[in-house]
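Take a look at the letters that make up each chain.
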Amino acid sequence: MEQRAQGSAGRSSGGSSGVGAPAVRGLYVPQQPTAADVDRAVAGRDEAVRGEHRHSERPVVRRSSVRGQILDALRSALLAGELKPGEVYSAPVLGERFGVSATPVREAMQQLALEGAVEVVPNRGFRVVLRDARELAELAEVRTLIEVPVMLRLARVVPVERWAELRPLAEATVRAAASGCRAAYAESDRAFHRGVLGLAGNAQLVRIVDDLYRRGQWPSGGGRAELLADAAEHVALLDALIGGAVEVVRELVSGHFG
């Protein structure tokens, strides 16, 4: 069908492609394409296909992927306390630190501004926000109001085998806590809670809680012992969910965000 369409297009152009016949008394008289015409059309089509294939093999570097990597690096630096609250950081300086231009750094910082981690300082850069204990407590309270009812409902309706599937996520938080890396623990903790709430089948719920989680992340002096205690609560919570101990679930979840 492609060959017939190409042949028709060539003939309607007044014979410029060499396939059609000359006009006679104002009328165009089509001729059947020759074998050479068909060969040329097939060769052209094959070359176009090869060209598309070569194009698809080229690696595509998307700026969004660079922005995402810088965003992750900045979040880790915030959690580790490498970016100090109250300090102003410029995109060009941070770009030199990460070996990239200022543009993806600026885009990542804009996202952090939306999350409330930094604020824009005109003509200077971005200031790391100092989150006080009251703000963090308020964020924890909001998470409690959302997550506790959801988890209690899920505890009554989700089959045991589905809870058991989350065991690797809970164990991952323990390993991350043992490493003492707050950034690694934050990601594993977030993954565990996303896995639990994901069983509710409500994408908006997961998205909202995920945003609250990021806003509540902040450097802490508790260190490795604090992380291990938090991770242990994940394991205990999962054991209670698997065992159907709803009251234990209520107690663990309510205290988990305190």
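Just above, that's the structure.
Computed from a predicted model, the values in this text were never measured in an experiment. (Residues numbered from 1 in each chain as written. Predicted model: local features only at pLDDT ≥ 70, side-chain atom pairs only at ≥ 80, totals over all residues. Heavy atoms only, no water.)

S.K.: Just to check I follow, could you spell out the overall build of the protein for this structure?
M.R.: Counting its regular elements, the protein contains twelve helices and five strands. Counting across all 258 residues of the protein, residues that qualify as buried make up 34%. A sequence separation of at least 24 residues applies to 67% of the contacts in the protein between residues at least 6 apart. Carbon and sulfur atoms form 56% of the exposed surface of the protein, whose accessible area is close to 15000 Å². (Helix = DSSP H or I, 4+ residues; strand = E, 2+ residues; numbered from the N terminus. Buried < 20%, exposed > 50% of the residue type's maximum accessible area, 1.4 Å probe, protein only. Contact = heavy atoms within 4.5 Å. Areas by Shrake-Rupley, 256 points an atom, 1.4 Å probe, with all protein chains shown as cover.)

S.K.: Honestly, helix 12 (residues 246-256) in this entry has me stumped. Any pointers?
M.R.: Three- or four-residue spacings in an α-helix give side chains the same orientation, since the helix completes a turn every 3.6 residues. Within helix 12, burial applies to Val246, Val249, Val253 and His256. In an axial view of helix 12, the angular spread of the buried residues amounts to 90°, which keeps them on one side of the axis. Turned more than 90 degrees away from the buried face of helix 12, the exposed residues are Glu247 and Glu251. The elements touched by buried residues of helix 12 are helix 6 (133-157), helix 9 (182-198) and helix 11 (223-243). (Arc of directions from axis to C-beta.)

S.K.: Mind showing me how you'd approach the pattern of salt bridges here?
M.R.: If the charged atoms of two oppositely charged side chains come close together, the side chains can form a pair. For the coordinates displayed, the defined rule picks out 15 salt bridges. For Arg75, the salt bridge identified is with Glu115, shortest N-O distance 2.3 Å. Of this pair, Arg75 sits in helix 3 (residues 63-80) while Glu115 sits in the loop between helix 5 (102-114) and strand 4 (118-121), and the two are 40 residues apart along the sequence. Classification of Arg75 as buried rests on a relative accessible area of 13%. Take Glu115: its relative accessible area is 6%, and that puts it in the buried class. (Salt bridge = Lys/Arg side-chain N within 4 Å of Asp/Glu carboxyl O.)

S.K.: What is the right way to read the pairing of strand 4 from this model?
M.R.: Every regular strand shows the same layout, with side chains that alternate between the two sheet faces. Sheet analysis places strand 4 next to strand 5 (residues 125-128), joined by four bridges and oriented antiparallel. Looking across to strand 5, one finds that Val120 is bridged to Phe126. Connecting the antiparallel pair strand 4 and strand 5 is a turn made up of three residues, with Asn123 showing a positive phi of about 65°. (Pairing = 2+ DSSP bridges.)

S.K.: Please explain the packing of helix 6 against helix 12 as it appears in this structure.
M.R.: The axes of two packed helices give the description: the angle between them and the distance between them. Where helix 6 contacts helix 12, the two axes come as close as 10 Å, and the packing angle between them is 155°. Viewed along their axes, helix 6 and helix 12 adopt a mutual orientation that is roughly antiparallel. By crossing handedness, the relation of helix 6 to helix 12 is classed as right-handed. Residues Val148, Met151, Leu152, Ala155 and Arg156 of helix 6 form the contact with helix 12, whose participating residues are Val246, Val249, Arg250, Val253 and Ser254. Taken together, the residues of the contact of helix 6 with helix 12 sort by class into seven nonpolar, one polar and two charged. (Axes fitted to C-alpha atoms, helices over the stretch in contact; angles between N-to-C directions. Parallel < 35°, antiparallel > 145°, perpendicular 65-115°, else oblique. Left-handed = near helix turned anticlockwise from the far one by under 90°. Nonpolar A, V, L, I, M, F, W, Y, C, P; charged D, E, K, R; others polar.)

S.K.: Help me out: how do you make sense of the side chain of Ser188 in this one?
M.R.: One can find Ser188 in helix 9. Ignoring anything within four residues of it in the chain, the contact list for Ser188 reads Ala172, Thr173 and Ala176.

S.K.: Can you help me understand the pairing of strand 5 in this one?
M.R.: Examined bridge by bridge, strand 3 (residues 88-89) and strand 5 share two bridges and lie antiparallel to one another. Bridge pairing in strand 5 places Tyr89 opposite Phe126.

S.K.: Help me understand the side chain of Thr173, please; the structure alone is not making it clear to me.
M.R.: Relative to the helices and strands, Thr173 is located in helix 8 (residues 167-179). Looking at Thr173, its side chain comes within polar contact range of the main-chain oxygen of Ala170, at 2.5 Å. (Polar contact = N/O pair within 3.5 Å; in protein donor to acceptor, adjacent residues only side chain to side chain.)

S.K.: Help me understand empty space enclosed by the protein, please; the structure alone is not making it clear to me.
M.R.: One way to see where empty space is left: roll a probe the size of a water molecule over the atoms. This model, assessed by the stated rule, comprises two cavities of 30 Å³ or more. Approximately 100 Å³ is the volume attributed to the largest cavity. Put simply, the second largest cavity is a space of about 50 Å³. In this structure, the second largest cavity is lined by Arg143, Arg190, His193, Arg194, Leu197, Val206, Val209, Asp210 and Tyr213. Secondary structure elements with two or more residues in the lining of the second largest cavity: helix 9 and helix 10 (203-216). Of the residues in the lining of the second largest cavity, the class split is four nonpolar, one polar and four charged. (1 Å grid on protein atoms, 1.4 Å probe; cavity = no way out; pocket = protein on both sides within 12 Å on 5 of 7 lines; lining within 4 Å. Points joined across faces, edges and corners; volume = space filled by probe spheres on them.)

What is shown is where atoms sit, not what they do.
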